[in-house]
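# Geometric and topological summary
These are the residues of each chain, in order.
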Amino acid sequence: ASVTILATATSSSDSSNSNNNIDHGATTWRVDFVSLTLSIFQLPIFTQKFKEGTARTWKMTYLDGDTRIVRAGKTGRGEDDWIFYMRRGVSE
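A short tour of the structure in this document, coming up. Each chain carries its own residue numbering, running from 1 in the direction its sequence is written. At least 70 in pLDDT is required for a residue's local features to be given in this predicted model, at least 80 for side-chain atom pairs to be given and counted, and no such filter applies to totals for whole chains, interfaces and linings, which use all residues. Each side-chain value is derived from all of the structure's non-hydrogen atoms; neither hydrogens nor water enter the calculation.

### Looking at the pattern of salt bridges
It is possible for side chains of opposite charge to pair when their charged atoms get near one another. We count it as follows: Salt bridges, as used here, are contacts in which a Lys or Arg side-chain nitrogen is within 4 Å of a carboxyl oxygen on Asp or Glu. By the criteria applied, helices consist of DSSP H or I runs no shorter than four residues and strands consist of E runs no shorter than two, each listed in order from the N terminus. Buried means the residue's accessible area, taken with a 1.4 Å probe over protein chains only, is under 20% of the maximum for its type, while exposed means over 50%, and partly exposed covers the values in between.
Using the criterion set out here, one finds one salt bridge in the structure. Salt-bridge contacts for Lys-59 lead to Asp-81; the nearest nitrogen and oxygen are separated by 3.1 Å. Here the residue Lys-59 occupies a position in strand E4 (residues 55–62), and Asp-81 occupies one in the loop between strand E5 (67–73) and strand E6 (82–87), the gap between them amounting to 22 residues. Accessibility expressed as a relative area gives 10% for Lys-59, which makes it buried.

### Remarks on the side chain of Arg-68
Test applied: Only four residue types enter the charge count: Lys and Arg as positive, Asp and Glu as negative, with His and the chain ends excluded. Nitrogen and oxygen atoms within 3.5 Å of one another constitute a polar contact, given that in protein one can donate a hydrogen and the other can accept it, and given that sequence-neighbouring residues count only through two side-chain atoms. Contacts are assigned to residue pairs with any non-hydrogen atoms lying within 4.5 Å of each other.
Mapping Arg-68 onto the fold places it in strand E5. With no salt bridge to any partner, buried Arg-68 finds its closest opposite charge in Asp-64, at an N-O distance of 5.1 Å. In this structure the side chain of Arg-68 is engaged in a polar contact, spanning 2.7 Å, whose partner is the backbone oxygen of Asp-64. Leave out the neighbours within four places in its chain, and Arg-68 touches Met-60, Thr-61, Tyr-62, Phe-84, Tyr-85, Met-86 and Arg-88.

Structure below.
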C-alpha cells in the first residue's frame, strides 16, 4: 500500500511565508494540504480532499537519503505534534 499526499510546502525560512514570526530553520515547512490518496498496487482505493486552508507545520529529521522522521502539528509546538516515519517510494 502507498499513500500519496498532494500539498504545497513553504520552508519557514522562505520570505513569502505568512508565519514569519516563527523560524525553525530550513528543516521546518508549512504544508497546505490539497488531498491524500491511499493506493494498493497503484490502484487508488480512497481519496480525502481537504478544505482550503488545511495546513500543518512539518519538522523534518533526515536519517539518510531516503528516510525521514516528521513531527507534524497545527502550531509547530511540541505539545500537538504527531510523529511520522517516511521512506522514499519507488516511482514507476
